[in-house]
Amino acid sequence: LAADDPLLPEVKLDWAIDLRLLGKGAEATAALEGLDAPGRDAALRLQARGEALRLTTLARDWSAATAVLKRGRLIEGRSQPEFDLAVLEYYAARWQSAANGKDDSAAKDFRQKAIATTKFIEQTHGAYWGRRADQTLVAAAPQSNASAGTEVLKRAADNLFLKGQFADAIAA
């Protein structure tokens with residue numbers, strides 16, 4: 001594509017996502033360069049910001065991830081569900097990391113932030129995004145029921161019930 005092609009930013013974003021999924025974080029980060037810049041479409045900027053947050057989360061670069069979060073979730077008063085889902089993935093990863101490190105206080109804090117973000121996504125973006133957020137939260141929950149908390153266990157049971165796995169829902 002030509003440098004002035006209006007589809008180029010979207011293609012670059014898709015390319016960055018593909019590179020992340022292939023495990024090529026450095027190349028994905030390079031592909032995102034310039035996409036979260038003033039003058040670009042707000043939705044595209046927030047999607048690029050969400051992808052940057054995913055990349056820093058996957059790299060466990062908590063300070064870089066925090067810097068991405070500080071840029072905010074709104075541009076020109078607009079939000080983007082993919083960015084909010086990336087925020088949830090960040091909190092879930094921090095929760096897992098703290099739980100694995102036996103830092104109960106931090107694990108509880110990040111669990112609460114993950115739950116609050118899940119509720120926020122459902123209220124702000126609707127049922128579809130709320131269901132995706134629920135699935136993300138449940139998948140990220142540490143295997144210990146004690147560290148998962150009742151809210152996460154309830155969501156896990158609800159997800160299993162919706163999948164028709166009734167015995168597993170009761171056991172959860």
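Provided above is the structure to which this section pertains.
Residues numbered from 1 in each chain as written. Predicted model: local features only at pLDDT ≥ 70, side-chain atom pairs only at ≥ 80, totals over all residues. Heavy atoms only, no water.

Enquirer: Any chance you could break down the pattern of salt bridges for me, citing the residues and the numbers?
Expert: Applying the stated rule across the entire model yields 11 salt bridges. A salt bridge links Asp 36 to Arg 71; the shortest N-O distance between them is 2.7 Å. Remark: Arg 71 occurs in the loop between helix H4 (62-70) and helix H5 (81-100) and Asp 36 occurs in the loop between helix H2 (25-32) and helix H3 (42-58); sequence separation between them is 35 residues. Among the residues examined, Asp 36 registers a relative accessible area of 18% and is labelled buried. Among the ionic pairs, Asp 41 bridges to Arg 78, the shortest N-O distance being 3.6 Å. (Salt bridge = Lys/Arg side-chain N within 4 Å of Asp/Glu carboxyl O. Helix = DSSP H or I, 4+ residues; strand = E, 2+ residues; numbered from the N terminus. Buried < 20%, exposed > 50% of the residue type's maximum accessible area, 1.4 Å probe, protein only.)

Enquirer: I'd love a proper account of the nonpolar core, names of residues and values included.
Expert: Core analysis: the largest hydrophobic core is formed by 39 residues, its most contacted members being Leu 32, Leu 53, Leu 88 and Trp 95. Of all the secondary structure elements, the ones that give two or more residues to this core are helix H1 (8-21), H2, H3, H4, H5, helix H6 (104-125) and helix H7 (127-140). Looking at which element gives the most residues to this core, the answer is H5, with 11 residues. (Core = buried A, V, L, I, M, F, W, Y, C linked by side-chain atoms within 4.5 Å.)

Enquirer: Explain the packing of aromatic side chains to me, and be specific about the residues and the numbers.
Expert: Centre distance and the angle of the planes are the two values used to describe a pair of aromatic rings. Considering all chains together, one arrives at 4 aromatic pairs under this definition. Pairing Trp 62 with Tyr 90 gives two aromatic rings, centres 5.9 Å apart and planes at 70°, and the pair type is edge-to-face. Of the two residues, Trp 62 is situated in helix H4 and Tyr 90 in helix H5; the sequence distance between them amounts to 28 residues. As far as burial versus exposure is concerned, Trp 62 and Tyr 90 are alike and both buried. Residues Tyr 90 and Tyr 91 carry aromatic rings whose centres are separated by 5.4 Å and whose planes lie at 55° to one another, so their mutual orientation is tilted. Here Tyr 90 matches Tyr 91 in class, with each residue buried. An aromatic cluster of three or more residues is present, and its members are Trp 62, Tyr 90, Tyr 91 and Phe 110. (Phe/Tyr/Trp six-rings, centres within 6.5 Å; stacked < 30°, edge-to-face > 60°.)

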